Amino acid sequence: MFKHLPPSTLITGVLTIAVGYTGPFLIIVHAAQQAGLTPAQLASWLWAVSLGSGVAGLWLSWRWKMPVITAWSTPGAAVLLASLPGVPYAEAVGGFVLAGLAVWLVGVSGAFDALMKRFPPALAAALLAGILFRFVVELVPAARDHAALVLPMALAFFAGRRLWPRYALMVALLLGCVLLALQGGFAATPTLAATASGPLWTTPQFSVAGLSNIALPLALVALTGQFLPGMAVLKNDGYDLPARVPVSLLGGVSLLLAPFGGHGVVLAAITAAMCTGPECHPDPQQRWKAGVVAALSYLLVAAVGGSLVALLLVLPKALVMAAAALALFGTLASSLSAALGNDSQREAALLTFVVAASGVSIAGIGAPLWALLAGVAASAVLRWQPRLAVRGA
């Protein structure tokens, strides 16, 4: 199988996973810290999303001979930053189950393309942007309170976006660790290696809060924020994969792993482009091997997940928060651009963004669902054209 595996293909597959674990995964760590999860629960979360991404990515890349890169849902992790602290963990796991079930049903029914055409993409982008805004804006007070750490990280990140965009977040995180080491920031942090473990079953509990605050926004941002651009990346580089295949498979995998804390496994979008382009392999027919390398890397992380969580938990909260906010910066920019780029949907999208960014909770239902309801209602009103009665002579 790997008879013709040049170093570029091997390195690309490994780097695709490294980018995820050194940046976007810190969003999950930050969400877990915000919700007060134990190290064992976080380790199980890591195990679930890594195992799911590895198994699904391995089968898809091998079976279809395409570089199909899977990942946990980064927009979904951002949703949990807002929603997880207000929902009991067992009810959140119930929300994970319902979200996976919803995605699976959309996949097996073949309704993915029809659903994406009917639901205004500007509203979905605005919902995600509103959720992300609350956490990206944390960079401002963090820069005030931890200027010696956050400001150099931010400068390194934005310089990296200009010079080496794919590795900007890795460079910023590495710089933050160096600065903390010089400042003695790791000295007072307890060692948690003994408390981290592997899979941990949580019996799902189902509630209105889990449905409205977790399941619905999680499924929506997975479909619109991950599967839609993920399919576009594949098609852009000439890989014609039926949408129902990855959507149904990954929805089913997410459903099975939800009781272990997995919030969703989806198609990768931005990092997937690293494996689908010519820099991975000059022959498009050979790039699927990068997908296999990436999947095997996921499985390796799943095997040592507890140790990785213990290492991540050594990082001070200020560093994790800053890295998570920087990791969300590009997604926020693209979401705002998509939300406000359509003139006919701009006002409805703006209302969706404002309600989602407010963080309001009414009758136990969080901002994401209220934002969707407000946006859909505004869109319907703005498109409504009253019929004028024609008076006879």
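None of the values given here were measured: they were computed from a predicted structure.

Caption draft 1: Local environment of the state of the cysteines. The full count for this structure, using the stated rule, is zero disulfides. The cysteine Cys275 is free of any disulfide, with Cys280 supplying the nearest cysteine sulfur at 5.2 Å.

Caption draft 2: View of the side chain of Ser61. With respect to the element layout, Ser61 can be found in helix 3 (residues 39-64). At 3.2 Å, the side chain of Ser61 and the backbone oxygen of Val68 are in polar contact. When sequence neighbours within four positions are dropped, the list of residues in contact with Ser61 reads Met66, Pro67, Val68, Trp288, Gly291 and Val292.

Caption draft 3: Broad picture of empty space enclosed by the protein. For the structure shown, the criterion picks out two cavities of 30 Å³ or more. Considering only enclosed or pocket space, the largest cavity measures out at about 90 Å³ in volume. What lines the largest cavity is a set of 16 residues, and nearest its centre among them are Val103, Ala222, Ser254, His263 and Gly264. Those elements giving two or more residues to the lining of the largest cavity turn out to be helix 5 (89-109), helix 11 (208-236), helix 12 (244-257) and strand 2 (265-267). Per-class residue counts for the lining of the largest cavity are ten nonpolar, six polar and no charged.

Caption draft 4: Summary view of the packing of aromatic side chains. What the rule picks out here adds up to ten aromatic pairs. Measuring from ring centre to ring centre gives 5.5 Å for Trp201 and Phe260, while their planes differ by 80°; the resulting arrangement is edge-to-face. With Trp201 in the loop between helix 10 (168-183) and helix 11 and Phe260 in the loop between helix 12 and strand 2, this pair connects stretches of sequence that are 59 residues apart. Taking the relative accessible area as the measure of exposure, Trp201 reaches 52% and is therefore exposed. The side chain of Arg63 reaches across the aromatic face of Trp64, ending 4.6 Å from its centre.

Caption draft 5: Here's a closer look at helix 9 (residues 147-163). For helix 9, spanning 17 residues, the distance from its first C-alpha to its last is 23 Å, which sits close to the expected 24 Å at 1.5 Å a residue. Regarding helix 9, the residues found buried are Leu149, Val150, Met153, Ala154, Ala156, Phe157 and Gly160. Looking down the long axis of helix 9, one finds its buried residues gathered within 165° of arc, a one-sided arrangement. With respect to the buried face of helix 9, the exposed residues turned more than 90 degrees away are Leu155, Arg162 and Leu163. Where helix 9 is buried, its residues contact helix 8 (139-145), helix 10 and helix 16 (317-340).

What counts, and at which threshold
- Residues numbered from 1 in each chain as written.
- Predicted model: local features only at pLDDT ≥ 70, side-chain atom pairs only at ≥ 80, totals over all residues.
- Heavy atoms only, no water.
- Disulfide = S-S within 2.5 Å.
- Helix = DSSP H or I, 4+ residues; strand = E, 2+ residues; numbered from the N terminus.
- Polar contact = N/O pair within 3.5 Å; in protein donor to acceptor, adjacent residues only side chain to side chain.
- Contact = heavy atoms within 4.5 Å.
- 1 Å grid on protein atoms, 1.4 Å probe; cavity = no way out; pocket = protein on both sides within 12 Å on 5 of 7 lines; lining within 4 Å.
- Points joined across faces, edges and corners; volume = space filled by probe spheres on them.
- Nonpolar A, V, L, I, M, F, W, Y, C, P; charged D, E, K, R; others polar.
- Phe/Tyr/Trp six-rings, centres within 6.5 Å; stacked < 30°, edge-to-face > 60°.
- Buried < 20%, exposed > 50% of the residue type's maximum accessible area, 1.4 Å probe, protein only.
- Lys NZ or Arg CZ within 6 Å of the ring centre and 35° of its normal.
- Expected span 1.5 Å × (residues − 1).
- Arc of directions from axis to C-beta.

Interpretation in functional terms is not warranted from these geometric data alone.
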